[in-house]
Amino acid sequence: MKLQTLKKNPLITGTIILTATGLFSKSIGFFYRIFLSNTIGEEGMGLYQLVFPAIGVCMAVCAMSFQTAISRFVAAEQAAGGKGKGQLTLRAGMLLSVLLSVGLTAILYSLASPICSYILLEPRCESLLRIACLSIPFATIHSCLSGYYYGRKKALVPALAQMAEQITRVSTVFLIWKIGMEQGRPLSPTGVMAGMAVSETVSCLFIGIVYLFSEAAPKAVSAPMLPIMKNLVAMAVPLSANRFILSVLSSAEAILIPSRLMLSGLDNSQALSIYGVLTGMAMPFILFPSTLTNSVSVMLLPIVAEAQSADNGGQISRASGMNIRFCLWLGILCTVLFLIFGADMGSSVFQSETAGHYLMILAWLCPFLYLSSTISSILNGLGKTKSVFFHNVISMFIRLAFIIFLVPVFGILAYLWGMLLSQLILTLLHIVCLWRISPFFFSAWKSILHPTLFALFAGAASKGLQYILNSWLPGFPLLTLAAAVAFMAGSFYLMTSHNLRSPL
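Keep in mind it's a predicted model, so treat the numbers as computed, not measured.

**With respect to the overall build of the protein**
Consideration 1: Looking only at helices and strands, one finds 20 helices and zero strands in the protein.
Consideration 2: Here the protein holds 504 residues, and the buried ones make up 53% of them.
Consideration 3: Considering only residue pairs separated by 6 or more positions, the protein has 84% of its internal contacts joining residues 24 or more positions apart.
Consideration 4: Carbon and sulfur atoms make up 72% of the accessible area of the protein, which amounts to about 21800 Å² in all.

**Here's the deal with the packing of helix H8 (residues 136–151) against helix H9 (residues 156–182)**
The relative placement of two packed helices is expressed as an angle between their axes plus a distance between the axes.
Consideration 1: Running from N to C, H8 and H9 cross one another at 150 degrees; their axes reach a closest spacing of 9 Å. Taken together, the residues of H9 that come into contact with H8 (itself represented by His142, Ser146, Tyr149 and Tyr150) are Val157, Pro158, Ala161 and Glu165.
Consideration 2: Split into classes, the residues belonging to the contact of H8 with H9 amount to five nonpolar, two polar and one charged.

**Focus on unusual backbone geometry**
Consideration 1: The phi dihedral of Leu121 is positive, around 60 degrees, even though this residue is not glycine.
Consideration 2: Here Leu121 is to be found in the loop between helix H6 (112–119) and helix H7 (126–133).

**Section: the side chain of Ser376**
Consideration 1: Take Ser376: it is sitting in helix H16 (residues 366–381).
Consideration 2: Ignoring any residue separated from it by four or fewer positions in sequence, one finds Ser376 in contact with Val388 and His430.

**Side note on H6**
Consideration 1: For H6, the full list of buried residues reads Ala112, Ile115 and Cys116. End-on view of H6: buried residues confined to an arc of 90 degrees, all on one side of the axis.
Consideration 2: Phi for Leu121, located one or two positions after H6, is positive at around 60 degrees.

**Digging into the nonpolar core**
Consideration 1: Counting residues in hydrophobic clusters, the biggest one holds 99 residues, and the most contacted among them are Leu36, Ile55, Leu129, Phe338, Met345, Leu362 and Tyr415.
Consideration 2: Residue contributions to this core peak at 15 residues, all from helix H14 (residues 313–349).
Consideration 3: In this structure, Tyr415 is in contact with Glu253, Ile257, Leu278, Arg399, Ile403 and Val407, ignoring residues within four places of it in sequence.
Consideration 4: In terms of nonpolar packing, the next biggest core, distinct from the first, is built from 21 residues, Tyr211, Ile228, Met229 and Met235 among them.

**Some thoughts on the packing of aromatic side chains**
Each aromatic ring pair is described using two quantities: the centre-to-centre distance and the angle formed by the ring planes.
Consideration 1: Enumeration according to the criterion identifies seven aromatic pairs in this entry.
Consideration 2: Pairing Tyr48 with Phe52 gives two aromatic rings, centres 5.1 Å apart and planes at 85 degrees, and the pair type is edge-to-face.
Consideration 3: Residue classification places Phe52 among the partly exposed positions, given a relative accessible area of 26%.
Consideration 4: Centroid distance Tyr148 to Tyr211: 5.7 Å. Interplanar angle 85 degrees. Geometry classified as edge-to-face. Residue Tyr148 is located in helix H8, and its partner Tyr211 is located in helix H10 (residues 189–213); the two are separated by 63 residues in the primary sequence.
Consideration 5: Its relative accessible area of 0% is what places Tyr148 among the buried residues.
Consideration 6: The ring of Tyr109 has Arg130 lying over it, and the distance from NZ or CZ to the ring centre is 5.0 Å.

**Some remarks on a nonpolar patch on the surface**
Consideration 1: A surface patch of nonpolar side chains, amounting to about 710 Å² of accessible area, comprises Tyr467, Ile468, Trp472, Leu473, Phe476 and Leu479.
Consideration 2: The element contributing the most residues to the nonpolar patch is helix H19 (residues 444–472), with three residues.
Consideration 3: Examined against the element boundaries, Trp472 turns out to sit in helix H19.

**As for the environment of Ile431**
Consideration 1: Mapped onto the fold, Ile431 is located in helix H18 (residues 412–437).
Consideration 2: Take Ile431: its relative accessible area is 24%, and that puts it in the partly exposed class.
Consideration 3: For the pair formed by Ile431 and Ile375, sequence separation is 56 residues and the distance between their alpha carbons is 7.2 Å.

**A look at the environment of Leu160**
Consideration 1: Following the sequence through the fold, Leu160 ends up in helix H9.
Consideration 2: Sequence separation between Leu160 and Ile207 is 47 residues, and the spatial gap between their C-alpha atoms is 8.3 Å.

**Looking at the packing of helix H12 (residues 268–287) against H18**
Consideration 1: H18 packs onto H12 with a crossing angle of 40 degrees between their chain directions and a minimal axis gap of 11 Å. Regarding the angle of H12 to H18, the classification is oblique. Relative to H18, H12 is oriented so that their crossing is right-handed. Of the residues in H18, those in contact with Ile274, Leu278 and Met283 of H12 are Ile412, Tyr415, Leu416 and Met419.
Consideration 2: Broken down by class, the residue content of the contact of H12 with H18 amounts to seven nonpolar, no polar and no charged.

**A short note on the side chain of Ser372**
Consideration 1: Considering the arrangement of structural elements, one finds Ser372 in helix H16.
Consideration 2: A polar contact of 2.7 Å, which involves the side chain of Ser372, links it to the side chain of Gln423.
Consideration 3: Ser372 has contacts with Gln423, Leu426, Thr427 and His430, leaving out every residue within four places of it along the chain.

**Structural notes on the pattern of salt bridges**
Consideration 1: Tallying each qualifying case throughout the model produces six salt bridges.
Consideration 2: Linking Glu43 and Arg124 is a salt bridge whose minimum nitrogen-to-oxygen distance equals 3.1 Å. Of this pair, Glu43 sits in helix H3 (residues 41–50) while Arg124 sits in the loop between H6 and H7, and the two are 81 residues apart along the sequence.
Consideration 3: Classification of Glu43 by relative accessible area gives partly exposed; the value is 25%.

**What to know about the state of the cysteines**
Consideration 1: This model, assessed by the stated rule, comprises zero disulfides.
Consideration 2: With no disulfide of its own, Cys58 lies closest to Cys62 among cysteine sulfurs, the gap being 6.5 Å.

**Regarding the confidence of the model for the protein**
Parts of the prediction with low pLDDT should not have their coordinates interpreted in detail.
Consideration 1: Looking at the protein as a whole, the pLDDT averages 84, with 87% of positions reaching at least 70.
Consideration 2: Within the protein, H7 carries the highest mean pLDDT (94), whereas helix H1 (residues 2–8) carries the lowest (44).
Consideration 3: This stretch, residues 1–8, has a pLDDT under 50; its non-local contacts, to residues over four places away or in other chains, come to four contacts.

**Observations concerning the environment of Tyr32**
Consideration 1: Mapped onto the fold, Tyr32 is located in helix H2 (residues 10–39).
Consideration 2: Sequence separation between Tyr32 and Val170 is 138 residues, and the spatial gap between their C-alpha atoms is 6.5 Å.
Consideration 3: With residues up to four places along the chain from it excluded, the contact list for Tyr32 reads Arg169, Val170, Val173 and Val192.

What counts, and where the lines are drawn
- Residues numbered from 1 in each chain as written.
- Predicted model: local features only at pLDDT ≥ 70, side-chain atom pairs only at ≥ 80, totals over all residues.
- Heavy atoms only, no water.
- Helix = DSSP H or I, 4+ residues; strand = E, 2+ residues; numbered from the N terminus.
- Buried < 20%, exposed > 50% of the residue type's maximum accessible area, 1.4 Å probe, protein only.
- Contact = heavy atoms within 4.5 Å.
- Areas by Shrake-Rupley, 256 points an atom, 1.4 Å probe, with all protein chains shown as cover.
- Axes fitted to C-alpha atoms, helices over the stretch in contact; angles between N-to-C directions.
- Nonpolar A, V, L, I, M, F, W, Y, C, P; charged D, E, K, R; others polar.
- Arc of directions from axis to C-beta.
- Core = buried A, V, L, I, M, F, W, Y, C linked by side-chain atoms within 4.5 Å.
- Phe/Tyr/Trp six-rings, centres within 6.5 Å; stacked < 30°, edge-to-face > 60°.
- Lys NZ or Arg CZ within 6 Å of the ring centre and 35° of its normal.
- Patch = residues over 30% accessible without salt bridge, like charges linked within 9 Å, V, L, I, M, F, W, Y side chains within 5 Å.
- Salt bridge = Lys/Arg side-chain N within 4 Å of Asp/Glu carboxyl O.
- Parallel < 35°, antiparallel > 145°, perpendicular 65-115°, else oblique.
- Left-handed = near helix turned anticlockwise from the far one by under 90°.
- Polar contact = N/O pair within 3.5 Å; in protein donor to acceptor, adjacent residues only side chain to side chain.
- Disulfide = S-S within 2.5 Å.
- pLDDT = per-residue confidence, 0-100.

See the structure below:
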């Protein structure tokens, strides 16, 4: 009976699929980043990460907004029994977004030199940007097809495409490194970026072939394409404008960090190294558990949209309350985990004490980071995209103010403080907005005090276990660390699983 219920619940099954494949991909990504840190170094990581703001701006315009629009319209059409019209929606959205992506790719490729010199403030990124921009059309097609499958609550295909992308990326870069070593040439950030471009192409081909051989078999219903395009544009343009502005602000943040760090007394190499450690080493650790919350967010958007269309406020309130409690539990667990084991993670995984120090500071981000992403998805599903945009702009301006005014005085610590404050304010704004639309039940005892006590107990026991294992296996610090972290996560789950099943 429970298995049948599980199969009928698209939120649970979709979340499980996306989480399993996401954890697999991110686990590969962890070893990949360890490999990169040991081959291209901290400065190389900084150069590599510096290109992504420019790519992110383009993706915000031509891909992500259309993915959301396609997912929402396909979900509504699926509820009304209109699979054929959902395919028309996909094709209309893909036509518009691919045309945009090709134009933006041409602009980036032709203007790579001035963009890197005068905007990114790092001329060495020119070859990286030229390679990276070639992947934009493929990533756009991948994004549109993923939006279609998410709208139909078929998370398996996008999840497999994500796995194919990660495996291809790591394999390609490893092959480039191997060939380079045989020829006496070390791996460069350019080779790493080439691996990313190849992986985007492969994932696009994978999901495209699956669509052609399965979803595209039944003929789409006959309907004028222009009205569908107008509906998509009506939703995608505000989303694109919102995401474009947010991406520009985020890009400004990424570009300003190295330059403002130089004003604090560092040279260019030191500033890029710190930026590389923060964005390429510490933040991936903090974001690793968000695989689960991101999976929930992706599946929540079409479900909330359907519930709103059916005027089912009770379902929205229950989903909101349950997911807020879950995100708080996960965030509290990760906060305690990174506070206890953050220093060991930095030294054992990346051989960087700096990364461990950043992890311990960023640990306080976890509850707010995971919570804001899930609530943001609920609000987008309810059509509150303007509110989400406004909240994000406030959060971004807080971080930018810390970068501009405080980083030159206090260094990178000022940016970390700004991240904590901005994420706290963003989460509070999201919660207030959601509460006004759909009030939900919240218990501080079950959602905060219980998991905090359980996490502290599990953390203390795990630290003791690590001490014992280190005395038995003194030459394997990474193995003992992994065992202690796994024991803490398992203990926490056993202690909270009863509360997870209990009603709100």
